[in-house]
Amino acid sequence: MNRTIGQIREEMQAATLEGLPAFIKAYEMDERAGVRALVERARKKMDAYEEELKRLEEMRLYEKQYQHCTYICGIDEAGRGPLAGPVVAGAVVLPENCQILYLNDSKQLSAKKREELYDIIREKAVCTGTGIVGPERIDEINILQATYEAMRQALQGLSVSPDVLLNDAVTIPGVNIRQVPIIKGDAKSVSIAAASIVAKVTRDRMMVEYDRLYPGYGFAANKGYGSGMHLEALKRLGPSPIHRRSFIKQITEQ
């Protein structure tokens, strides 16, 4: 007895990506229009999956180049540009050939997808580290030096000692580990992409908490960046304790 289209639809929805080829083979000869549509949908899903695997393989270029190393660490930061809040660095060591679908530069992902990937990264990584440098320190030593400081903190938080660092564009002073700066590395290396997500999600969560502590600036929405609402609130309310004075001097003096 043939399965109903509804039953076949449920089967397709329950199928894993790896199970889709078997689903297609089982129903590709079925002549019912509804089943043909489901098979076509499964094929498109398979094509998208294969494209994603290809994209991820291209993002392993640097990891393959240094595959003789035991531990490869990706490093990135979040929050260099905002007017308020800390700069946060992430450091991630992934296992060899680790596959995390949809891993990408955090800026290319939705907030929901970043949160999902953050949990997967924390689960699959050999280890992760974060570094956080606040507004007062940023004002004291400037944002570039504060970023380096956050990155060194992130490295200190790792439970293993990396053999090589894949960095998003920068070379970190005061670190005696081989460093490979990669321009736009968060879109070219799975390790740096993972670090960018750890840094971004960590910082975004902090800004949501700061929004509760210092309401009125819209920190939960703008994450401390200079949105129109944020700038208006800054002029109306004055700076909060987490504003970077060196960043807002011209705004507050107007």
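Small disclaimer: the values here were computed from a predicted structure and weren't measured. (Residues numbered from 1 in each chain as written. Predicted model: local features only at pLDDT ≥ 70, side-chain atom pairs only at ≥ 80, totals over all residues. Heavy atoms only, no water.)

Draft legend 1. How the structure looks around the overall build of the protein chain. Counting its regular elements, the protein chain contains 11 helices and five strands. What you see for the protein chain is a C-alpha radius of gyration of 23 Å, clearly larger than the 18 Å of a compact globule of 254 residues, by over 25%. Overall, the C-alpha framework of the protein chain stretches about 75 × 50 × 25 Å when taken along its three principal axes. Of all 254 residues assigned to the protein chain, the portion counted as buried reaches 47%. (Helix = DSSP H or I, 4+ residues; strand = E, 2+ residues; numbered from the N terminus. Rg over C-alpha atoms; globule rule 2.2 N^0.38 Å. Buried < 20%, exposed > 50% of the residue type's maximum accessible area, 1.4 Å probe, protein only.)

Draft legend 2. Spatial organisation of the layout of surface pockets. Its boundaries defined by the atoms lining it, the largest pocket holds a volume of some 280 Å³. Lining the largest pocket we find 15 residues, and of these E63, I72, P95, E96 and N97 sit closest to its centre. For the lining of the largest pocket, the class distribution of residues is six nonpolar, four polar and five charged. E77, A78, G79, K107 and Y225 are the residues nearest the centre of the second largest pocket, which is lined by 14 residues in total. Mapped onto the lining of the second largest pocket, the elements with two or more residues apiece are β1 (72-78) and α8 (190-213). (1 Å grid on protein atoms, 1.4 Å probe; cavity = no way out; pocket = protein on both sides within 12 Å on 5 of 7 lines; lining within 4 Å. Points joined across faces, edges and corners; volume = space filled by probe spheres on them. Nonpolar A, V, L, I, M, F, W, Y, C, P; charged D, E, K, R; others polar.)

Draft legend 3. Examining the side chain of E63 more closely. Residue placement: E63 occurs in helix α4 (residues 61-65). For the buried E63, no salt bridge exists, and the shortest N-O distance to an oppositely charged side chain is 6.9 Å, to R60. In this structure the side chain of E63 is engaged in a polar contact, spanning 2.7 Å, whose partner is the side chain of S189. Not counting the four nearest positions on each side in its chain, E63 is found in contact with I72, L166, S189, V190 and S191. (Lys, Arg positive; Asp, Glu negative; His and termini not counted. Salt bridge = Lys/Arg side-chain N within 4 Å of Asp/Glu carboxyl O. Polar contact = N/O pair within 3.5 Å; in protein donor to acceptor, adjacent residues only side chain to side chain. Contact = heavy atoms within 4.5 Å.)

Draft legend 4. Broad picture of the pattern of salt bridges. Taken as a whole and assessed by the stated rule, the structure comprises 16 salt bridges. The residue R236 makes a salt bridge to E232 at a minimum N-O spacing of 3.1 Å. Placement of both R236 and E232 in helix α10 (residues 228-237) is noted, with a separation of four residues, approximately one turn of the helix. The exposed category is assigned to R236, whose relative accessible area is 51%. Here the salt bridges share partners, and the residues they tie into one network are E57, R60 and K64.

Draft legend 5. Spotlight on the sheet that holds strand β5 (residues 178-182). Read across the open sheet, the five strands follow the order β3-β2-β1-β4-β5; overall the sheet is mixed. Both edges of this open sheet fall to β3 (127-133) and β5, since each of them pairs with a single strand only. Neighbour-to-neighbour, the strand axes of this sheet turn through a mean angle of 20°, independent of strand direction. With four bridges joining them, β1 and strand β4 (residues 164-168) adopt parallel strand pairing. Each residue of the ladder has a partner; that of G74, found in β4, is L166. The strands that helix α7 (residues 143-156) touches are β1, β2 (87-93), β3 and β4; relative to β3, the one it contacts most, it runs at about 150°. (Pairing = 2+ DSSP bridges. Axes fitted to C-alpha atoms, helices over the stretch in contact; angles between N-to-C directions.)

Draft legend 6. Fine view of the packing of aromatic side chains. Counted under the stated rule, the structure contains three aromatic pairs. Pairing F23 with Y27 gives two aromatic rings, centres 5.1 Å apart and planes at 50°, and the pair type is tilted. Taken together, the residues span about one helical turn, with F23 and Y27 both in helix α2 (residues 20-27) at a distance of four residues. Exposure remark for F23: the relative accessible area of 3% places this residue in the buried category. According to the relative accessible area criterion, Y27 is buried, its value standing at 12%. Pairing Y217 with F219 gives two aromatic rings, centres 5.2 Å apart and planes at 10°, and the pair type is stacked. With a relative accessible area of 6%, Y217 lands in the buried category. (Phe/Tyr/Trp six-rings, centres within 6.5 Å; stacked < 30°, edge-to-face > 60°.)

Draft legend 7. View of unusual backbone geometry. Located in the positive-phi region is N97, a residue other than glycine, with phi close to 60°. Within the secondary structure layout, N97 lies in the loop between β2 and α5 (111-124). On the accessibility criterion, N97 (62% relative accessible area) is exposed. One non-glycine residue, Y102, adopts positive backbone phi at about 70°. For Y102, a relative accessible area of 38% gives the class partly exposed.

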